[in-house]
Every structure is written in C-alpha cells, then in structure tokens.
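Structural overview
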Amino acid sequence: MAKKETPKQTNQAASVKSSGKAGVNNWALIVIGVIIFVVFFPTMVVFCVGMFPTFIAFFIERSKKGMVWISVGCMNLVGVTPYIMDLWLISNTPQQALDTVFSVFPWLVWYSTAGLGWLIYLGTPPVVGIFLTLAAASRASTLKASQRRLVEKWGQEVSGNQEGAGPGGMMRGE
Amino acid sequence: MAEEQQQVTEEAGGDSPPAPPQASSPSSSSGAKVLLKNRFELDPAKPLAHLSQPNGQAYAVIDKRDKESKLFAMVCNPELPQRLRVLHMLKGGKAPALLPMVEWGVAYWPMFKRKTVIVIYELPLGGKVSELGGRAKESFNEQDMIRNYITPLFEGLKEINARGITLRSIRPDNMYFMDAEKTKIVFGECVSSPPAYDQPVLYETIESGMCLPEGRGEGTLMHDIYSLGVSIFSIYAKKDPTKGKTVDQVVDAKIEQGSYAFVVQDYRLPLPLVEILRGLLCDDDDERWDLEAIELWLGGRRLSPLQPKAEPKSKRNIIFCEEEYSTCRQLSRAMSVHWREAIELVTEGKVDIWLRRGLEDKEKADAVELARKITLSTADPKAGDTLLAKVLMVLDNRAPIRYKELVLMPDSIGSVLAVHTIKKGDPRLVAELLLREIFKSWVDTRIKYSSEISQSDTEFRDMRNYMRQTLMGLGLERAIYESNEAVPCQSPLIVSEYVLEITELLPALEAVASTADPKSWPFDRHIAAFIACRFKTNVDDHMNAVGDPGPSKAVMGVLGTLAMVQWRHGPEAVFDLTAWLGASMGPVVGSYHNREKRRELEKEIPRVVRKGSLVELYNLLNNEQERYQDMTGFNEAKAEYKAAQDELDYLESGRVGRDEQAEELGHQTASVTSATLALVVLVIMIVTRIW
C-alpha cells in the first residue's frame, strides 16, 4: 500500500530540489565566468586589477543601500575603460595586459578616478541637505497657510486646542 | 397644627380659613372692570360679603348677553387647588339642589395681581340659610323642618351622589335660599377650595376633623350625610356646641362623647329628629344611615334610634403625658399630638404591654411589638417616626394617616402636597411621608380590602417614584401635577397667568416673554413637570436633553419641547417667545463647527424669529443631515490639520537636510551623478577613439 506524503516531507523535497537548482546555477555561473575569463583573459586582467578600488569600496560599504560602490565604480570604470579599449583596438594579448598592469601611470589614473567617485559620494549629501532645507522652508509656509484656512473655516478647535474656541454665534441676551 | 389650634368661632360657619393672598381692599386696587369670557362683567369695587365663602369672595357681575339676569361671581383663592373635576361635571347640567353654576373661567383679578378661577352663579335671592340664626327667631316644628329643609336637601344630595360627586361643603353658611320667599333651599358652592377645606370641624366626622383642612380628601357620601346631619341640627336648634372650644377640643369631645351626644348635648329634640340625627351622626361609617335609610325615614318608617357603640376600654389605664387613657382611639389621638413623647412610649414597649395586659387585645399587641422590634434593630435615626405612624394606625384603624404634623386622608395626598408647596412653601414633610413609605404601613394595616385602598396605594407609589427621580419633568413638581389636575403651572415665570391646561402654556409664556429677563430661560422644573404631566405626546427625549450638561443640547431640549407643544396645540405664532428663545441659541449655533454655517444660521435665525414659529426654529437648528456633514467635515479637517502640524513639526525640527533620509538621498544623488558623468565621459571616449 502506497504511503501518502506528509506536507513536511513535501517541503523537504521542495527545498532539496531548489538547493539542487541553485547549486546548478552557481556552477553554471562559475563555468561561464571561467570561460569568459579564459576567452577575454587580457581584458579581464586589466578590468579586475583596474577596478580594485571599486571592489574595496564594495566590501567596506556599511550602509544598507550600498551606494558607495556605484559612485566609485562608475568613475573607476571611466579610468579603466581607456586601457581596455587600448587592448581591444591595439593588441589584445596577455603580455599587453600585464604591461599595463605593471605600469605606474594606469594605476594613478584608476585610483584618481576612483577617488573622484569617493569625492562625489561624500560631497553630494551636504549639497542635497542645503537644497532640502530650502525646500522645507517653502513647504512649511504652504502648510501654515493651509492650517490658517482650516482654522478660518472650522475654528480654533480644529487644531485640537479648545482654548479660545468659544461657542460663537449669538449669545443669550444678545 | 396651627390651624387646628385656632379658636372655633361662635357662628356655625366655623373656623375661618386663612385669607387669600394679597387681597387688598376693593377700594384700594379696583378700577377697571374684569371681563370673563367676553360676557361677564365683574366689578371688583362691588363685593358681596354676605355671599362670600372663606376662599371664594363674591362680587357683583353683569351678564352682557342678558342684563336682567341676577348673577354673582365667586373669585377663588389662587393659592389653593380648586376642584376642577367637579367644576367640569357641574357645568354640564343643572343639579336641582345645588346653587346653579352658569359659567367658570380664568381671568386676571386685580386684587390678587394675577389670574385666578372665577365661577359665575345665579344669585340666591333669599340669602344664606345661616343668616336665619342672626335674625328674628324663626321657629320650626319638626314637620316644617322635614318638609322645607330635610326633604329638599336629601333629594339634592341624592341627585348629586348619582353624578359621582361629593360636596364636602355642607354647612348652613353654604346653603342658600334661591327665592326671596325662602322656600327653595340649595347647597352652596363646593369648588373654590380642596374638599372640606373650609368646613368647620363641627361639620366633619371625627376622622375628617382630625385632619389638616387640606388633608380631608374627597371622602364619600357618608361624609356628606354626616355634614347634613350636623347642618340639620344647626338650622333647627340654632345652637353651636363648639362655642369657646378649640379644634382639638372639639375632636376630643366627639371621641369621648360620640358625635350625637356632643352636637345635640342637652337640647331637647322632637323624637323624629332624634331618630334621624342619631342615624346621620353615627360615628361608624358602616352604621351611619345611607340614602336608602333616610328615604325610608322620610317615607314615614320610624326606626329605633341607633345607639352609639362603646369603644373597648382597658381594665387599667395607661398614663401618657400625665393623662390617663382607657381606649385605643383616645390614646392614639393623644400620641399623635405629643409626637416626641409618644415615640418614647412606644420604643419602651409600654404600648404593647398595655394592649396585651390592659386591653387584652393580643392581635394589636403583637402588631405593635413586631413593629417595635423591627425598628429597634435598625440604625435609622428617623425610624421612630415611621414606627409611631404605624403604631397609630394599629391603635386606631379608622383614623387618618398621621405623621408628625401631617394628618391626612389617603385620597387627599395631592391636595396636601399642593397646599404645602404652593401656600405653605415647604413640602419637605410631605416628601418625607412619601419617601418613607408611610402609606405602605397604611395599606398593610387595613382590615377590609377595598378598591379605594388599591387606588390610593397605586397613587402613593407613583408619587414616591416621581419624587425619587431628579431629572427634568420628574421629581416633586411632577408629583404635584400628577396628583392635582387643578394645580396651575407653578413656574415663577407664569404663575400669575394661572395656566391649567397645556393649551394655555405657550400663550402664557408669550405674554410674559416681552417683559422677561432675556438672560433667563422660558423653562424650569415646574414647566417641565407640567408639560410631562399634561402633554399627551411623548417628549422624553427632549426633556432628557434639557438636563444635559452641554449647553447646546440643553437649549435644544427646551426648544424641542416647546416646539412640540406649539406643533400640537398652537398657537401658530408666538413672536416674543420665539425671539426670547432665539436669543438663547448661542450655544446651539456654536455647536456647529463650520464658521460659514454659523454665519448662515445667525442670518437665518432672525428671519425665523420674525415668523414666530418655534417649530421652524427647531427644524432650522436641528437639521440632522447638516449636523452630520458638519461633524464629518470637521473630523476630516482635524485630521488634515494634524497631518500638516506633524509635517511642520518635522520641517521645523532642524533635522531636514541632516538626517538619515537626507544622507540617503544625497548618496542616491551621488550615485546618479557618478553614473551620468561616467556615461557621458565613456560615450565621448568611445566616439573619439573609434572615429
């Protein structure tokens, strides 16, 4: 007589299946990565070494959103791209790649551009803060005007403050 | 018992009751004639003293429709409740042996400076029967007496009894000869004051004589028959046995000697009159001659005279307040007069010992002992009063309810409450009597069941329930109106307008509105109770709102109640009253939150006020839909204001541009800037390198 599978067993089977799938995916990525690295070896050498400041930024990132590597990475890429283009347009050999990597000037360029990225990353928030403060002042005056309109229409009690919220209208004896 | 202490006057007309209020002399304040129902012209300058009664002053009157008719007007004391039910019943048709009533109504009487009840009667040309005594001695033989007095008065009493009315005012000075020849005798008025209020104690039974004047109650035919008996003797013998005696002495003498012996004393009456007077003056209501017995006697059947039944006497007397007493009735009477000392006597157990050993009445002794033991087991300091009231009922079952200074028949509780509130200005004792449920003891001590007992019990319970509640429309005021249909609305605002019917309420308020203090309200506890009692439509919701602590609800409660009255009974327009109320609508207008609505109402109210319609004013201010819209709009506005305030608080906190959010936004901006810059540079770079 065939036993029915319990929900627990079903879940376990499902998790085994999904972990198996993930393992396959990871392996596929690694294989693809290795193939790319082998095929584009010179490019990858320059890219990996040139983008080193970005990798550092990525790993030292503390904020949840992880924005620093984007700023640094974008500018770092600007510094690495000319050397990759040199490989592609002049001589795409491992020797050329190693020559580039072992030169001082490319390193200066790469770190300078990465530094510029850091500069943008650290310098923008204060500027944005100034803009926000200016916007807040404008918003506050709009809100105050809106509150004044509400008080005019509904009386002071609309603010939840009963003081001065007289019954209004005609008083007895008037 | 101040009134009981007053000296009985020489005349059989007896104890003169208190004079009506502010009754200045006619010459001092009379001037304009008073018109009643646009027909009867009363002249305050022409009093007819010889026709007046203690609480009804007689005045000359002219009937504008028939100037030849001979009439007189009786102006009633406005501080006393008149017998309205009897007035309504008598207006319907003529009773042959009753002073013919032509009309009655309410009109302003200048000497009282207020409105009061005025009754128009046909003028009795022969004057009062009592005036015979003051003139040349007219002697009758018993046949004259029977033919000219007893027979017509008996026939009259029979006819009146058939209408379900008790006169309670039978005395020679309230009997008249309608013709100048003095051949047609009639009973006089019986409506100007509460039942038997003006009766001298001589003409009242022992029990009724014990009562306060206002506490004698409607009574029964037997009370009228007793009064008729005394009146027959007074007319025949022209003697007053009460001469020089106080009310208390008269009652005590009647208890001691029996009514017949006290009234007749040593006067030698012809045998037929002895027979009827013994029958009519019998102190036991069950033994007293009724109409049938009188009719048989008038038909010539002679009966052996009734002999008074002796009260059971004790073997040894009880000493109380240095006096010896041998009968329960005498002792209870003395105890009711010496209240404090009597409580001591009862709580010491002397009364039940005397009943058990002296009188050998085990039943009464047990009842008193049980009541005493129950009282001693309670910590209530006033329990002694309740105990004594009950013991007095046990000792003398026929006696009225006695509680401290109050002595009253159960059916008079309405009159007593009214008189103590309106005239004496202090209803606390009556309230105490009702709230301490003295009446329950009275019901419990009845030997025979009767429908009247059950009716009184219900009335007492209702009054107690009203008095226990303090809401508007209830309380003492409600008890007064529920138990007295003849009490006009006692609100100080309109008391002078003598408002008896609900239809008269708004016209009366309208009349005083123009001169009233605009800061006051046209509403108080008396008006509320009067409406709750006399208005047949349910206004409980409005009435409850009047007592609300919120001024707008209270004002709307007043307006709603009066608007309901106008809607049901008119008048169509009450301009001054609407203006008065309209000026009090500040809190109601203020209860709307929307300022535009307020301004709109402030414009609208004067327009409605000019129409004089309370109903429209109420509808204007109590539009449920608009009130709902106002409330929901206000709540939304409040939420909007709060949201704005919260945002403002944040904006003004100094954290804007410096907090985490700003930093995050800065970083996002930095990322976007970097990416954009990189993209631009890369594109330029690629383009320049390829081309």
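Residues numbered from 1 in each chain as written. Chains lettered and ligands numbered in written order. Predicted model: local features only at pLDDT ≥ 70, side-chain atom pairs only at ≥ 80, totals over all residues. Heavy atoms only, no water.

On to the overall build of chain B. Along its length, chain B carries 31 helices and 13 strands. Its C-alpha atoms give chain B a radius of gyration of 37 Å, more than 25% over the compact-globule value 26 Å for 691 residues. Judged by the C-alpha coordinates and their principal axes, chain B covers about 165 × 75 × 40 Å. When burial is assessed residue by residue, chain B has 56% of its 691 residues classed as buried. (Helix = DSSP H or I, 4+ residues; strand = E, 2+ residues; numbered from the N terminus. Rg over C-alpha atoms; globule rule 2.2 N^0.38 Å. Buried < 20%, exposed > 50% of the residue type's maximum accessible area, 1.4 Å probe, protein only.)

Residue and element names in this part refer to chain B. Evaluated as defined, the whole model comprises 16 aromatic pairs over all chains. Note on Phe-233 and Tyr-267: the rings are 5.8 Å apart at their centroids and 90° apart in plane angle, and the pair reads as edge-to-face. Of this pair, Phe-233 sits in helix H7 (residues 221-237) while Tyr-267 sits in the loop between helix H9 (259-264) and helix H10 (271-280); the two residues are 34 residues apart in sequence, bridging distant segments of the chain. Residue classification places Tyr-267 among the partly exposed positions, given a relative accessible area of 27%. (Phe/Tyr/Trp six-rings, centres within 6.5 Å; stacked < 30°, edge-to-face > 60°.)

Quick look at the domain arrangement of chain B now. All names here are of chain B. Structurally, chain B comprises domain 1 (2-298), domain 2 (318-482) and domain 3 (491-622). Between domain 2 and domain 3, the C-alpha centre-to-centre distance is 43 Å. Interface area, domain 2 with domain 3, both sides summed: about 1,100 Å², of which 62% is carbon and sulfur. The largest share of the area that domain 2 buries against domain 3 comes from Met-472, Glu-477 and Tyr-481, three residues that together contribute 66% of it. Summed over the shared surface of domain 2 and domain 3, the result is one salt bridge. Two residues, Arg-525 and Glu-477, come together in a salt bridge whose shortest N-O distance is 3.4 Å. At the junction of domain 2 and domain 3, the tally comes to six residue pairs in polar contact (both at pLDDT 80 or more). Among the residues making up the side of domain 2 that touches domain 3, the classes are represented as four nonpolar, three polar and three charged. (Domains from an automatic or database assignment. Buried area = accessible area lost by both parts, 1.4 Å probe. Salt bridge = Lys/Arg side-chain N within 4 Å of Asp/Glu carboxyl O. Polar contact = N/O pair within 3.5 Å; in protein donor to acceptor, adjacent residues only side chain to side chain. Nonpolar A, V, L, I, M, F, W, Y, C, P; charged D, E, K, R; others polar.)

Residues and elements named next belong to chain A. Between helix H2 (residues 41-50) and helix H3 (residues 52-60), whose axes approach to 4 Å, the crossing angle comes to 50°. When the axis of H2 is compared with that of H3, the two are oblique. Touching Cys-48, Val-49 and Gly-50 of H2 are Phe-52, Pro-53 and Phe-55, all from H3. The residue inventory of the contact of H2 with H3, partitioned by class, reads five nonpolar, one polar and no charged. (Axes fitted to C-alpha atoms, helices over the stretch in contact; angles between N-to-C directions. Parallel < 35°, antiparallel > 145°, perpendicular 65-115°, else oblique. Contact = heavy atoms within 4.5 Å.)

It is worth spelling out the interface of chain B and chain A at this point. Taken together, the contacts link 54 residues of chain B with 49 residues of chain A. Seen at the junction of chain B and chain A, the total is five salt bridges. B:Arg595 is the partner of A:Glu157 in a salt bridge, and the nearest nitrogen-oxygen pair spans 3.2 Å. Where chain B meets chain A, there are 11 residue pairs in polar contact (both at pLDDT 80 or more). Of all elements in the fold, only helix H27 (586-591), helix H28 (595-611), helix H30 (624-651) and helix H31 (660-690) of chain B reach the threshold of two or more residues within the side of chain B that touches chain A.

Looking now at helix H13 (residues 339-347) of chain B. Residue and element names in this part refer to chain B. Three or more residues of H13 are buried, namely Trp-339, Ala-342, Ile-343, Leu-345 and Val-346. For H13, the arc enclosing every buried residue in end-on projection is 165°, short of the 170-degree limit, so these residues lie on one face. In H13, the exposed residues that point more than 90 degrees away from the buried face are Arg-340 and Glu-344. Positive phi appears at Gly-349, one or two residues downstream of H13, with a value of about 85°. (Arc of directions from axis to C-beta.)

Because the α-helix completes a turn every 3.6 residues, residues three or four places apart line up on one side. Counting buried positions along helix H22 (residues 505-513) of chain B gives seven out of nine residues, so the element sits mostly inside the fold. Elements that come into contact with the buried residues of H22(B) comprise helix H23 (525-534), helix H25 (551-569), helix H26 (575-582) and helix H29 (614-621) of chain B.

What follows is about the state of the cysteines. All names here are of chain B. All told, the structure shown has zero disulfides over all chains when counted by the stated rule. Cys-533 carries a free sulfur, and the closest cysteine sulfur to it, the one in Cys-489, is 11 Å from it. Since its relative accessible area comes to 12%, Cys-533 is described here as buried. (Disulfide = S-S within 2.5 Å.)

With that settled, the discussion passes to the sheet that holds strand S8 (residues 175-177) of chain B. Residues and elements named next belong to chain B. Spatially, the three strands line up as an open sheet ordered S7-S8-S9, and their pairing is antiparallel. In this open sheet, the two strands that pair with only one neighbour each are strand S7 (127-128) and strand S9 (185-187). Bridging between S7 and S8 involves two bridges; their strand directions are antiparallel. Note on S8: the bridge partner recorded for Lys-128 is Tyr-176. Most of the contacts of helix H5 (residues 142-162) go to S9, to which it runs at about 40°, and overall it touches S8 and S9. (Pairing = 2+ DSSP bridges.)

Moving on to the packing of helix H4 (residues 68-89) of chain A against H31(B). Between H4(A) and H31(B), the least distance of the axes is 7 Å, while the angle of their chain directions is 15°. As far as their axial angle goes, H31(B) and H4(A) are roughly parallel. Crossing handedness for the pair H4(A) and H31(B): right-handed. Here H4(A) contributes A:Ile70, A:Ser71, A:Cys74, A:Met75, A:Leu77, A:Val78, A:Thr81, A:Pro82, A:Met85, A:Asp86 and A:Leu89 to the contact with H31(B), which in turn contributes B:Ala670, B:Ser671, B:Ser674, B:Ala675, B:Leu677, B:Ala678, B:Val681, B:Leu682, B:Met685, B:Ile686 and B:Arg689. Considered class by class, the residues forming the contact of H4(A) with H31(B) number 16 nonpolar, four polar and two charged. (Left-handed = near helix turned anticlockwise from the far one by under 90°.)

The subject of this paragraph is the side chain of A:Thr100. Residue and element names in this part refer to chain A. Inspection of the secondary structure puts Thr-100 in helix H5 (residues 94-101). Assessed through its relative accessible area of 9%, Thr-100 is described here as buried. Contacts of Thr-100, omitting those with residues within four sequence positions, involve Val-46, Tyr-83, Pro-106 and Trp-110.

Our focus in this paragraph is the sheet that holds strand S1 (residues 34-36) of chain B. All names here are of chain B. The six strands lie next to each other as S1-S2-S3-S4-S6-S5, forming an open sheet whose pairing is antiparallel. With one partner strand each, in any of the chains shown, S1 and strand S5 (101-109) form the two edges of the open sheet. The average angle at which neighbouring strand axes cross in this sheet is 35°, direction not considered. Bridge count for S1 against strand S2 (residues 40-47) is three bridges, and the pairing is antiparallel. In the sheet register, Leu-35 faces S2, and the bridge partner there is Glu-41.

Turning our eyes to something else, we now look at the pattern of salt bridges. Applying the stated criterion across every chain yields a total of 48 salt bridges over all chains. Between B:Glu652 and A:Lys144 there is a salt bridge; the shortest N-O distance is 2.8 Å. Separated into two different chains, B:Glu652 in the loop between H30 and H31 and A:Lys144 in helix H6 (residues 104-154) make up a pair that spans both. Accessibility expressed as a relative area gives 46% for B:Glu652, which makes it partly exposed. Each of B:Arg340, B:Lys382, B:Asp385, B:Lys404 and B:Glu432 takes part in a single network of salt bridges with overlapping partners.

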